Amino acid sequence: MESLQDKLTRLKTQKETDVWYLVKQELNFMRVATLVNEWKKWKDSKSSLTIADYIEGSRLTDTNYRALTNAYNYGLMRNDNIVSGTSSKPSYKVADSTPVWEELSKVNFADVNTISNIIDRQIEKLYISNPYDDESKNIRKSYRLFIVPTIYAILIELKEKYNISTITKEEFILFVETTKKFADYTETASLINEYRERRDSLDSTYISKLIKGFNNRVHLALKNLSLLRIDKNLSLSLEEDKIPLIRERLDLYQKNVDRYENLTSKEIVDIQCSTSSLWNCFEENNKDVSNIESDKKVSGGENIIFYGAPGTGKSHDIVEYINEKAEKYFNRKFSNDTLNSEENIFRITLYPDYEYSDFVGQLLPQKDGTFEYKKGIFSSALQYAQETDNPVFMILEEMSRANVASVFGDLFQLLDRKEDGSSEYGINNSMLAEMIYPELSKENINKKVITLPSNLYIIGTVNTSDQNVFAMDTAFKRRFIWKYKSTDVDPSTFKNNPNIKLFKEFNIDWYHFYTTINTFITDNLNLSEDKQIGPYFIKFNTNNNSKIHSLLRDKLLQYLWEDVDSIARNNYSNEDTIFSKDIKSFSTLYEKFDNQENIFSDTLTMNFETKKEE
């Protein structure tokens, strides 16, 4: 192992470019992405201007086109002529955008979490020396490493072996930026420790000169990474809550470090330009330590929400969806009545006070004075899905009645799915890991990365009329497939359709009644479809006139009075109402309906009569 003095002496004769290097242009990831957007406009327009002149004339007046080299480094662009060695000139006319760029261009820029995850993934794939570095075949030809896992390893080594939590700017420049192979991280950590112990006895003028010569601004690229903390003095440390995740990633990296260090230029660029993380490049070797599923496990897990007005049959659609996905695995069909007793189906109805601890689980005291974890529906479903190859369904009814962003908490990150249905990103959650993997040691529980397996389906329902209870934010909604359930049915096959007596001497079937109400809500009251009623708002299951009357009175009247007509009554610009304006209270409405008097407005009554005659 090289001594500190030998290291400093060697640095004195080393060329200032013989260190980690990224082109000295813009390194902020999103600004580089914006520059790529301008490059695409230039290329698509087939402008006669050079890329330099085009960028100079664009709104990006403070960004040089040479920063596009960092778009190569970040995996947003690629140039196979350079990668293959057939050209050394960065001709931007023959360059291509990448799947990473396409992925980023489709993200809602208000979705900060997704953008942050993409940036983290791409910065973690920075490689020195990269194929686009025109000095790589000369000065930096001996550097072959992904720099971020190397930094992670150095920081973990410093923390565990020397109780050092930060790397200062000068330590980074002198020792980290001159590290040539991943395996050298232990030596680098040792040199940093010795440097700290002897710093006061070293020639400060000499040190300052070295630092000035080797500062190639790699810190500015690392500032994009959320797992690292860089303070105003450019000292570097790990985000404490991310350390378990970083350890897990390092375990994956070290299992294949020889393969990572012997990649061809094309393989390096393929990795950088893919939407896969660095840690899963060699998945076949990582199956024992990651949550990648076996070939037998069902794939295709997804997040889906059935939504529509109350009574449109969303629960029925859930049963049909489950049968479509699962019938071939169980050789039978499920029904709504038996869902709650099926071992592979986990079902819960959310409510305003429903919390993260209800969803995931919590530590509760026992009679003997000990504490024990009580699993929530999420941890129960996740554990079962881990243990079986068959499809598993978690049903969350009435999702809009709870603050789902708070209910999911850190689990939100798991909702991004890969093509096979497993999570794109994992999380560290020691409480959840302890519930699901009780056999693991405390150390391994802290390091365990949680992901959704490919066989776990998350199914929700949302009554659109309840959206005012807890509105879902766009970032959460974007992670679900939304299936709209219309209030329309085919009257020729509609069976939930008894004849009802609205008032003395006037009968109408349920289909014509509810569709007339729905049309009136949107056309006359100018309210949204949210307030309409579905064909199964009431499930009659009877032809008894007295029971039908009771169901209408006890299930429908209050909804129409409180949630629909009250809005119209408060809107003084609207003359139409569902109920007669002579009725001033619900008690009067209730009494008149029981006495079979007409409680509806003249306009709606006329609509009923017209509908009946059609």
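Refer to the preceding data block for the structure.
A brief report on the enclosed structure follows. Just so it is clear, the structure is predicted and the values come from calculations on it, not from any experiment.

Criteria and thresholds
- Residues numbered from 1 in each chain as written.
- Predicted model: local features only at pLDDT ≥ 70, side-chain atom pairs only at ≥ 80, totals over all residues.
- Heavy atoms only, no water.
- Helix = DSSP H or I, 4+ residues; strand = E, 2+ residues; numbered from the N terminus.
- Rg over C-alpha atoms; globule rule 2.2 N^0.38 Å.
- Buried < 20%, exposed > 50% of the residue type's maximum accessible area, 1.4 Å probe, protein only.
- Contact = heavy atoms within 4.5 Å.
- Areas by Shrake-Rupley, 256 points an atom, 1.4 Å probe, with all protein chains shown as cover.
- Lys, Arg positive; Asp, Glu negative; His and termini not counted.
- Charge placed at Lys NZ, Arg CZ, Asp CG, Glu CD.
- Phe/Tyr/Trp six-rings, centres within 6.5 Å; stacked < 30°, edge-to-face > 60°.
- Pairing = 2+ DSSP bridges.
- Axes fitted to C-alpha atoms, helices over the stretch in contact; angles between N-to-C directions.
- Core = buried A, V, L, I, M, F, W, Y, C linked by side-chain atoms within 4.5 Å.
- Arc of directions from axis to C-beta.
- Salt bridge = Lys/Arg side-chain N within 4 Å of Asp/Glu carboxyl O.

**What about the overall build of the chain?**
Then, number 1: Looking only at helices and strands, the chain has 27 helices and 18 strands in total.
Then, number 2: For 614 residues, the compact-globule formula gives about 25 Å, and the C-alpha radius of gyration of the chain, at 32 Å, lies well above that figure.
Then, number 3: Dimensions of the chain, computed from the C-alpha atoms along their principal axes, are close to 105 × 75 × 45 Å.
Then, number 4: Considering the chain as a whole, with its 614 residues, one finds that 50% of them fall into the buried category.
Then, number 5: When contacts within the chain are restricted to residue pairs at least 6 apart in sequence, those whose partners lie at least 24 apart make up 70%.
Then, number 6: Carbon and sulfur atoms provide 44% of the accessible area of the chain, an area that totals close to 29200 Å².
Then, number 7: Charge separation in the chain, taken as the distance between the mean sites of 79 positive and 94 negative side-chain charges, equals 5 Å.

**As for the packing of aromatic side chains**
Then, number 1: In total, this model carries 44 aromatic pairs according to the counting rule given.
Then, number 2: A ring pair is formed by Phe 330 and Phe 334, whose centres lie 5.6 Å apart and whose planes are at 70°; its orientation type is edge-to-face.
Then, number 3: Given the relative accessible area of 21%, Phe 330 is considered partly exposed.
Then, number 4: The class of Phe 334 is buried, set by a relative accessible area of 4%.
Then, number 5: Between Phe 494 and Tyr 514, the ring centres sit 6.4 Å apart and the planes meet at 65°, which makes this aromatic pair edge-to-face.

**Observations regarding the sheet that holds strand β12 (residues 392-397)**
Then, number 1: The sheet built from five strands is open, its strands ordered β9-β12-β15-β8-β16 with parallel pairing. Two strands in the sheet have a free side with no partner beyond their single neighbour: β9 (345-349) and β16 (481-485). Across the sheet, the mean angle separating the axes of adjacent strands is 15° when strand polarity is ignored.
Then, number 2: With five bridges connecting them, strand β8 (residues 303-308) and β16 associate as parallel partners. Of the residues in β16, the one forming a bridge with Phe 306 is Lys 483.
Then, number 3: The strands touched by helix α17 (residues 314-330) within the sheet are β8, β9, β12, β15 (456-463) and β16, with β15 carrying the most contacts at an inclination of about 165°.
Then, number 4: Helix α19 (residues 377-387) rests against β9, β12 and β15 of the sheet, and its axis sits at about 165° to β12.

**Digging into the nonpolar core**
Then, number 1: In terms of nonpolar packing, the biggest core is built from 97 residues, with Trp 20, Leu 76 and Tyr 152 touching the most fellow members.
Then, number 2: With nine residues, the top contributor of residues to this core is helix α8 (residues 147-162).
Then, number 3: Counting 39 residues, the second-largest nonpolar core is a separate cluster that includes Phe 346, Val 360, Phe 408 and Ile 427.

**So, helix α15 (residues 265-272)**
Then, number 1: Here α15 has its buried residues at Ile 268, Val 269, Ile 271 and Gln 272. Down the axis of α15, the sector holding all buried residues measures 160°, keeping them to one side.
Then, number 2: If you follow the buried residues of α15, they end up packed against α4 (68-73), β1 (77-78), α5 (80-84), α6 (99-105), α7 (112-123) and β3 (127-128).

**Focus on the sheet that holds strand β5 (residues 166-167)**
Then, number 1: The three strands are arranged β5-β7-β6 in an open sheet whose pairing can be described as antiparallel. Both edges of this open sheet fall to β5 and β6 (228-230), since each of them pairs with a single strand only.
Then, number 2: Here three bridges tie β6 to strand β7 (residues 236-238), and the two strands are oriented antiparallel to one another. Within β7, the residue paired with Arg 229 across the bridge is Ser 237.

**Notes on helix α9 (residues 169-176)**
Then, number 1: Within α9, six of the eight residues are buried, leaving the element largely enclosed by the surrounding structure.
Then, number 2: Every buried residue of α9 is listed here: Glu 171, Phe 172, Ile 173, Leu 174, Phe 175 and Val 176.

**A closer look at the pattern of salt bridges**
Then, number 1: Per the stated rule, a full pass over the model turns up 23 salt bridges.
Then, number 2: The closest approach of N and O atoms between Glu 194 and Arg 198, which form a salt bridge, is 3.3 Å. Separated by four residues within a single helix, Glu 194 and Arg 198 lie in helix α10 (residues 185-198), roughly one turn from each other.
Then, number 3: Among the residues examined, Glu 194 registers a relative accessible area of 23% and is labelled partly exposed.
Then, number 4: Its salt-bridge partner being Glu 239, residue Arg 229 comes within 2.9 Å of it at the nearest N-O pair. Highlighted residues: Arg 229 in strand β6 and Glu 239 in the loop between β7 and α13 (243-255), separated in sequence by ten residues.
Then, number 5: Three or more residues joined by partner-sharing salt bridges are found here, namely Arg 78, Asp 80, Lys 266 and Asp 270.

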